[in-house]
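A closer look at the structure
As a plain string of letters, each chain reads:
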There are 2 protein chains.
Amino acid sequence: MKRVMLTVAYDGTAYHGWQIQPNGETIEGILNRCLSETLGEKIEVIGASRTDSGVHAMGNIAVFDTDSPIPADKISYALNQRLPEDIKIQKSEEVASDFHPRHCESRKTYEYRIYCAPFPMPVKRLYAHYTYIPMDVERMRRGASYLVGKHDFKSFCSAEAQVETTVRQVDSVEVVQEGQEIVIRVAGRGFLYNMVRIIAGTLMEVGRGHIAPEEVKTILEAKDRQEAGPTAPACGLTLVKYEFL
Amino acid sequence: MKRVMLTVAYDGTAYHGWQIQPNGETIEGILNRCLSETLGEKIEVIGASRTDSGVHAMGNIAVFDTDSPIPADKISYALNQRLPEDIKIQKSEEVASDFHPRHCESRKTYEYRIYCAPFPMPVKRLYAHYTYIPMDVERMRRGASYLVGKHDFKSFCSAEAQVETTVRQVDSVEVVQEGQEIVIRVAGRGFLYNMVRIIAGTLMEVGRGHIAPEEVKTILEAKDRQEAGPTAPACGLTLVKYEFL
């Protein structure tokens, strides 16, 4: 028996998110089915990040145990043969038998992309949120700076979420202009439910001049979801990278 | 009666190319239908570049004549309401009544994208050709340099094409590394059938070490399609920009 860690990339457009659902295809469901077929035993993965419907990933993490004689680093090749084009393993490797991706220190990097132009651009539509309302990137950067550090992010957490604590550490928030796209790149040690999309929605309001950059500090201190901006749409969000520390 | 020029962007994934076909949806077919519905008269556009099945565009050009009272620059808004998500007008403007996009001096810019990594990346798959075979970008640049200028590009033209002359002027060929993507950016005054995809296929062979950079000169001089590399797949190609000179 060995424990194998997969680095999983996917286009979330066609899926009902990571976690198995009674109705609709999910990344977890397809991984379990293709892994079970590939290895000839029933496999159930443990995912690191249960991304929402429509969210993309370049490097989500899943682990599972197997008795298969296939070397851990070769499972990626075998599995990719069975996986659809919109889900592909980037790496497979053996890890310690007690390794659990949600119970150890990690840093996640997300990118939220906004395509901002007078008209929508078809080749950008699946991986960036479109808006025609102009945004001031420099204002967004100033607003973003208040989010870095260890804070209570209760204002940036969807009300439904039930968690022990809403304190989280954000390592960095960059706001970069790439052609007509604005990229908000957030790295941190764990995130609350919808946290990056609420950060993106709030920074868009800052960029548009509806919220002052220094108000982001006030919003944090309010610990009230009503104070922050809207939850930005899922398609703009990509889980880029997982690092175990 | 006025003549209107449209700047048309599309994701070519779902279409059988630009030109109307007896079977299968085309960009031209959808534009004609949506324009006719929007303006209440039968419209048939003249396209500048009849891109192949699967090729994308950020700025192809189409012109048409209309008696509509809608101002030319407002037609983009009305038309985008009817167009599907994967075809969107970027600009509409009035042009001279004798303007024909294929009969006047223009510069087109194409990008050919190659995603080069050990495993395919789902969020890149629709707009970049995937290969796991590594490529030397510096070699590709040296090979590309021989293509710049006025040459007989017969070796870089699909055999089926019937044209008066195969002499064309290429203004620039850049090869740029963007993360895991290699972008071949070609600008020129008119291109032969499949020319950019054959250039891309040939430069990939140069990058892999199968063709020496200076052999690109020999391939040009041979005026023989057999001497050049394969036609690279359509999905990697995007018509980025049209300039009328």
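Residues numbered from 1 in each chain as written. Chains lettered and ligands numbered in written order. Predicted model: local features only at pLDDT ≥ 70, side-chain atom pairs only at ≥ 80, totals over all residues. Heavy atoms only, no water.

**Here's the deal with the overall build of chain A**
Helix and strand counts for chain A stand at five helices and ten strands. Since a compact globule built from 245 residues should have a radius of gyration of about 18 Å, the 19 Å found for chain A is in line with a globular shape. The dimensions of chain A, computed from C-alpha atoms along their principal axes, are 60 × 40 × 30 Å. If you take every contact in chain A between residues at least 6 apart in sequence, the share linking residues at least 24 apart comes to 72%. Accessible surface, chain A as shown: approximately 10,900 Å² in total, 47% of it carbon and sulfur. Side-chain charges of chain A comprise 29 positive and 33 negative groups, with the mean position of each set lying 2 Å from the other. (Helix = DSSP H or I, 4+ residues; strand = E, 2+ residues; numbered from the N terminus. Rg over C-alpha atoms; globule rule 2.2 N^0.38 Å. Contact = heavy atoms within 4.5 Å. Areas by Shrake-Rupley, 256 points an atom, 1.4 Å probe, with all protein chains shown as cover. Lys, Arg positive; Asp, Glu negative; His and termini not counted. Charge placed at Lys NZ, Arg CZ, Asp CG, Glu CD.)

**Section: the pairing of strand β8 (residues 167-178) of chain B**
All names here are of chain B. Judged from the four bridges that link them, strand β7 (residues 149-152) and β8 form a sheet pairing that is antiparallel. When the bridges of β8 are listed, Lys150 appears paired with Gln169. In the sheet, β8 pairs with strand β9 (residues 181-189) via nine bridges, with the strands oriented antiparallel. In the sheet register, Gln169 faces β9, and the bridge partner there is Arg189. (Pairing = 2+ DSSP bridges.)

**What about the layout of surface pockets?**
In this structure, the largest pocket encloses a volume near 1,500 Å³. Lining of the largest pocket is provided by 47 residues; of these, Lys124(A), Glu181(A), Arg113(B), Lys124(B) and Glu181(B) occupy positions nearest its centre. For the lining of the largest pocket, the per-class residue count stands at 18 nonpolar, 13 polar and 16 charged. Counted as a void, the second largest pocket has a volume near 1,200 Å³. Forming the walls of the second largest pocket are 39 residues, and the residues nearest its centre are Lys108(A), Arg168(A), Phe191(A), Leu192(A) and Tyr193(A). Where the lining of the second largest pocket is concerned, the elements lending two or more residues are β5 (106-116), β8 (167-178), α4 (195-207) and β10 (237-244) of chain A. Per-class residue counts for the lining of the second largest pocket are 16 nonpolar, 14 polar and nine charged. (1 Å grid on protein atoms, 1.4 Å probe; cavity = no way out; pocket = protein on both sides within 12 Å on 5 of 7 lines; lining within 4 Å. Points joined across faces, edges and corners; volume = space filled by probe spheres on them. Nonpolar A, V, L, I, M, F, W, Y, C, P; charged D, E, K, R; others polar.)

**As for the relation of the copies chain A and chain B**
Once turned by 180° and shifted 0.0 Å along the axis, chain A lies on chain B with an RMSD of 0.0 Å. One copy is carried onto the other by what is essentially a two-fold rotation axis. When each C-alpha of chain A is compared by its distance to the rotation axis, Leu126(A) comes out closest, at 5.1 Å. (Least-squares fit on C-alpha atoms with pLDDT ≥ 70 in both.)

**A closer look at the packing of aromatic side chains**
Summed over the entire model, instances satisfying the criterion amount to 14 aromatic pairs over all chains. With a centroid separation of 6.0 Å and 45° between ring planes, the pair formed by Tyr10(A) and Trp18(A) is classed as tilted. The class of Trp18(A) is buried, set by a relative accessible area of 1%. A ring pair is formed by Tyr110(B) and Phe191(B), whose centres lie 5.3 Å apart and whose planes are at 90°; its orientation type is edge-to-face. One end of the pair, Tyr110(B), is in strand β5 (residues 106-116); the other, Phe191(B), is in the loop between β9 and α4 (195-207), and 81 residues separate them in sequence. (Phe/Tyr/Trp six-rings, centres within 6.5 Å; stacked < 30°, edge-to-face > 60°. Buried < 20%, exposed > 50% of the residue type's maximum accessible area, 1.4 Å probe, protein only.)

**So, the interface of chain A and chain B**
Taken together, the contact between chain A and chain B spans 23 residues of the former and 23 residues of the latter. Here chain A is connected to chain B by four salt bridges. Seen at the junction of chain A and chain B, the total is four residue pairs in polar contact (both at pLDDT 80 or more). Broken down by secondary-structure element, the contributors of at least two residues to the side of chain A that touches chain B are β1 (2-10), β3 (56-66), α2 (75-82) and β4 (87-95) of chain A. Tallying contributions element by element places β4(A) first for the side of chain A that touches chain B, with four residues. The residue inventory of the side of chain A that touches chain B, partitioned by class, reads 13 nonpolar, four polar and six charged. (Salt bridge = Lys/Arg side-chain N within 4 Å of Asp/Glu carboxyl O. Polar contact = N/O pair within 3.5 Å; in protein donor to acceptor, adjacent residues only side chain to side chain.)

**Considering the confidence of the model for chain A**
Looking at chain A, pLDDT values average 96 and 99% of them are 70 or higher. In the model output, the complex is listed with pTM 0.95 alongside ipTM 0.95. (pLDDT = per-residue confidence, 0-100.)

**Focus on unusual backbone geometry**
Unlike most non-glycine residues, Lys223(A) shows phi in positive territory, near 50°. Its place among the elements puts Lys223(A) in the loop between α5 (215-222) and β10.

**So, the environment of Tyr110(B)**
Residue and element names in this part refer to chain B. With relative accessibility at 7%, the residue Tyr110 sits in the buried group. Ignoring anything within four residues of it in the chain, the contact list for Tyr110 reads Ser49, Ile184, Arg185, Val186, Phe191, Val196, Leu237, Thr238, Leu239 and Val240. A distance of 3.3 Å separates a polar atom in the side chain of Tyr110 from a polar atom in the side chain of Ser49.

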